[in-house]
Amino acid sequence: CYEAIDYSTPSCSLCKRGEAWYDVNGDVEVYFEGSNRTCTEVSNSLFRKAEDDSGYCLAAKNEYFPSCCFEKCDLCQGSQLDANVEVAYNETAATCLELGLNFAADIVMKGSEECNAAREILFEPCCYMTPTDPCVLCQSDTAGQGDVRDDVSVSFYGSTTTCFDLNSFLVSREDQLGFMCQSAKSELQESCCFQECSLCGSTGNLYWDNPTTFNDITFACGELTWVLSGSSVEEGSEECIQMQSTYYDDCCSGPSALIPDAGNKCDICPSGKDWYALVMHDGNPMTCLELDSVLLQKGVFDDSAECEQAVLDYSSLCCYIPPEKPCNLCQSGQKSYSVLDQTVTYNGADTNCYGIYNYAWTRLETEDDACLVTQNDLFDDCCYVKCSICQDYQLDQEGLVVHEGTTMACSEIENYFMGANEITQGSEQCGRIQQEHWNNCCYDLPCDLCVSGDSQNELLVNQPVLYMGVNRTCGDWSVLAEGELSQSDVCIATKNDLSDSCCFKECSLCRDTGSLIKWNHPLTYDGLASTCLDVYMNLRSENVQDGDDRCQSVQFTVSHECCHKMPTNQCSLCQSSNGTFLNTNWNSEVNYQGEIVTCGDVNAMLSSEELDGILCLSARDDLWNQCCTPPQQGGNTGLGGILPTAGQNNDFGTLAPGVSDSDESDQTGSRNPTTTASSERDDGAFATFFRRNGAQSSQLYTLAMVPFVIFATSLINLM
């Protein structure tokens, strides 16, 4: 019997000295507590019974460390271990990882003759250095960076692989100027690489706001390029030529003449617009969206007396100031739930849960008392946990099943059918659907030690940890964990035991989680000329964790230079101070701040500035004539022909960022359960995925419709 220690304090680790960890020579016997015991037994006893800073632990280390502890042979010594490479050593085939683990089990010590001999033989096949300038297969000095044909099989150095796997290998192992990189580019760029089709080709200039029709839906031409991106249509292909021929006149030949005066249209609301609020105009009931179109058709333009009167009459009904942190009716803690199509009584009136949800999202701040009261009063009546086919497992977005006699994608059942029919988790109907489609729709991933919910934390690769009586690095434990599936009991137990020791949340440069980082912003840090990206990479290489004193000190020092909030009224190069828009000549080259860039680049750079800021005003003054097409030549509609017309469905559920289609999601990513949505899945670093049906998963790319300027800014910042 013994008295259990307080495990909130570090336990005694026999083979730890300072910050260095050593392996236990487990079979060696020593005299401990009145009898002969193995070093493994001594190590486990100390771990259970003594605290690390106790005198008993210190005395035991001083006595037993020389006999029980050793530093195992390190094959790579500062280089990276290629864990899964199989080699022949001592007439036995094994992976490099297995050999490294065997060195601990066989007591092969660092510096021993056996270790030195093993390193001479195994260093070259088992170890590699991370390149300083990684080789990117489809990057060319003349044509920039192209896209990779992921699934094309090629033969290289006597092995058959896919272009995707080869590119992943080159990025992690080879330098840009290395022989293998240059050889791969010379032999395989033609087979593996392509340029994505450009809507306007080399002869046209994209007029972003021109309206066009795709699949019987009206889009702005700029939005159409988002829709078509990621479709792997290659420049020069018949499909590309057909696409360019179809949309060239609408999108690339000049400003649209369909609504020539829209650049000067009367804008009732300067910020948030409640398009679906009802108003009376000329004795007719209509929505604010319909009113907007009616005023344009009647020729009511900005700066006119009719426009001023319309603002006075309708702004109080159609306009609002959007909240910075919108109130989510169905948010509880970190989880966001789905909304029921239910009539409820609220403030003495009968209304719909969707209407309350949209009102709260567009009008109330999360911290407002009104938000908290509304959530408290209506959460049970309006919110529910939507049925999920796979729950904690992965959903095969591409899988097809027959449900109630109709062929449907698994994602369609998950994202649309469940929400449209308000099927709750745990219900009899949910159980039937799960039982019917689980095998065809669900699969599992290898265990990832540092994944927690939707968050991917960093792995302390070289951190030694004593676990189950064995001392290994977190990198070793992580590789061993990958042999299990993510929902297995072994994986869950291992993550629960090791995540605190092996995983950390990296330090962010910004104290406010809602800020954006200006990666290429120059600054002086530690007396050296750096960029914000340099500072971030330095913190990452030193494993500085979020919340550490060092992290907080760096945030205090650089956040005012590296971080900025999204502006309230975002600068757009071709938006005048009165709010009207002109067409932007996105691909036209201009001289801006001493560099030759495109008008699109400038627009992206200005996206962090306020519309009435000095930098924004100055850029518009300097580049207006070069980048912006005047209204009289066919201005921007402000609507771009993409908003629904009076005859289209004006469902309240389409106004605000909708309600979550999953039981747990980020608030800003939530969707309305009555609309069809698709979920993005990132295949991460794995080439093969484990499914219950034994199939492999290919990457699924889906469209994220984001404001163009934010999207462009991200690209600029990462260049």
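Residues numbered from 1 in each chain as written. Predicted model: local features only at pLDDT ≥ 70, side-chain atom pairs only at ≥ 80, totals over all residues. Heavy atoms only, no water.

Caption draft 1: Structural context of the overall build of the protein. Broken down by element type, the protein carries 21 helices and 46 strands. Burial status across the protein gives 43% buried among its 719 residues. Sequence-distant contacts in the protein: of pairs separated by 6 or more residues, those separated by 24 or more amount to 69%. Roughly 38300 Å² of accessible area belongs to the protein as shown, and the carbon and sulfur atoms make up 48% of that amount. (Helix = DSSP H or I, 4+ residues; strand = E, 2+ residues; numbered from the N terminus. Buried < 20%, exposed > 50% of the residue type's maximum accessible area, 1.4 Å probe, protein only. Contact = heavy atoms within 4.5 Å. Areas by Shrake-Rupley, 256 points an atom, 1.4 Å probe, with all protein chains shown as cover.)

Caption draft 2: Fine view of the environment of Arg 119. Mapped onto the secondary structure, Arg 119 falls in helix α4 (residues 113-126). Residue classification places Arg 119 among the partly exposed positions, given a relative accessible area of 21%. Placed 44 residues apart in sequence, Arg 119 and Leu 75 show a C-alpha to C-alpha distance of 5.4 Å. Sequence-distant contacts of Arg 119, defined by excluding residues within four places in its chain, comprise Cys 73, Asp 74, Leu 75, Cys 76 and Gln 77. Polar side-chain contacts of Arg 119 include one of 2.9 Å to the backbone oxygen of Leu 75. (Polar contact = N/O pair within 3.5 Å; in protein donor to acceptor, adjacent residues only side chain to side chain.)

Caption draft 3: Just unusual backbone geometry, in detail. In this structure, Glu 33 is a non-glycine residue whose phi angle is positive, near 50 degrees. Secondary-structure assignment places Glu 33 in the loop between β4 (29-32) and β5 (35-38). A relative accessible area of 46% means that Glu 33 is categorised as partly exposed. You will see that Gln 593, though not glycine, has its phi angle at about 55 degrees, which is positive. Looking at the element boundaries, Gln 593 is found in the loop between β44 (589-592) and β45 (595-598).

Caption draft 4: Seen up close, the state of the cysteines. A complete count under the given rule lists 28 disulfides for this structure. Covalent S-S linkage joins Cys 12 and Cys 57, the inter-sulfur distance amounting to 2.1 Å. Residues Cys 12 and Cys 57 are joined by a disulfide whose S-S torsion is about 80 degrees; by sign, that bridge is right-handed. Residue Cys 12 is located in the segment before β1 (16-17), and its partner Cys 57 is located in helix α2 (residues 55-68); the two are separated by 45 residues in the primary sequence. Note on Cys 57: relative accessible area 0%, which makes it buried. (Disulfide = S-S within 2.5 Å.)

Caption draft 5: Looking closely at the pairing of β5. Alignment of β4 against β5, held across four bridges, turns out to be antiparallel. Across the sheet, residue Tyr 31 finds its bridge partner in β5, namely Asn 36. Following β4, the chain reverses through two residues before pairing antiparallel with β5; Glu 33 in that reversal takes a positive phi of roughly 50 degrees. (Pairing = 2+ DSSP bridges.)

Caption draft 6: Here's a closer look at the pattern of salt bridges. Summed over the entire model, instances satisfying the criterion amount to seven salt bridges. A salt bridge links Lys 49 to Glu 33; the nearest nitrogen and oxygen atoms lie 4.0 Å apart. With Lys 49 in helix α1 (residues 39-49) and Glu 33 in the loop between β4 and β5, this pair connects stretches of sequence that are 16 residues apart. With a shortest N-O distance of 3.4 Å, Glu 71 and Lys 110 are connected by a salt bridge. One end of the pair, Glu 71, is in the loop between β6 (69-70) and β7 (80-81); the other, Lys 110, is in the loop between α3 (96-105) and α4, with 39 residues separating them in the sequence. (Salt bridge = Lys/Arg side-chain N within 4 Å of Asp/Glu carboxyl O.)

Caption draft 7: Looking closely at the confidence of the model for the protein. Taken residue by residue, the protein gives an average pLDDT of 75. The fraction at 70 or more is 80%. Across the protein, strand β28 (residues 383-384) holds the top mean pLDDT of 92, while helix α21 (residues 708-718) sits lowest at 36. In the model, residues 632-719 has pLDDT below 50 throughout and makes 204 contacts with residues more than four positions away in sequence or in other chains. (pLDDT = per-residue confidence, 0-100.)

Caption draft 8: Structural view of α2. In a regular helix each residue adds 1.5 Å, so 14 residues correspond to 20 Å; α2 covers 19 Å between its end C-alpha atoms and thus fits that length. Cys 57, Ala 60, Lys 61, Tyr 64, Phe 65 and Cys 68 are the residues of α2 that are buried. Check the buried side of α2 and you find it contacts β1, β3 (23-24), β4, α1 and β6. (Expected span 1.5 Å × (residues − 1).)

Caption draft 9: Representation of the nonpolar core. In terms of nonpolar packing, the biggest core is built from 17 residues, with Leu 509, Val 535, Leu 539, Val 554, Val 558 and Cys 562 touching the most fellow members. Within the residue set of this core, elements represented by two or more residues are β40 (522-525), α17 (532-541) and α18 (549-562). Not counting residues within four places of it along the chain, the set of residues in contact with Val 554 comprises Leu 509, Tyr 525, Val 535, Leu 539 and Ser 559. (Core = buried A, V, L, I, M, F, W, Y, C linked by side-chain atoms within 4.5 Å.)

Caption draft 10: View of the packing of α1 against α2. For the pair α1 and α2, the least separation of the axes is 11 Å and the interaxial angle reads 160 degrees. When the axis of α1 is compared with that of α2, the two are roughly antiparallel. Helix-helix and strand crossings are classified by hand; for α1 and α2 the assignment is left-handed. Where α1 abuts α2, its residues Cys 39, Val 42 and Leu 46 lie against Tyr 56, Ala 60, Tyr 64, Ser 67 and Cys 68. The residue makeup of the contact of α1 with α2, split by class, is seven nonpolar, one polar and no charged. (Axes fitted to C-alpha atoms, helices over the stretch in contact; angles between N-to-C directions. Parallel < 35°, antiparallel > 145°, perpendicular 65-115°, else oblique. Left-handed = near helix turned anticlockwise from the far one by under 90°. Nonpolar A, V, L, I, M, F, W, Y, C, P; charged D, E, K, R; others polar.)

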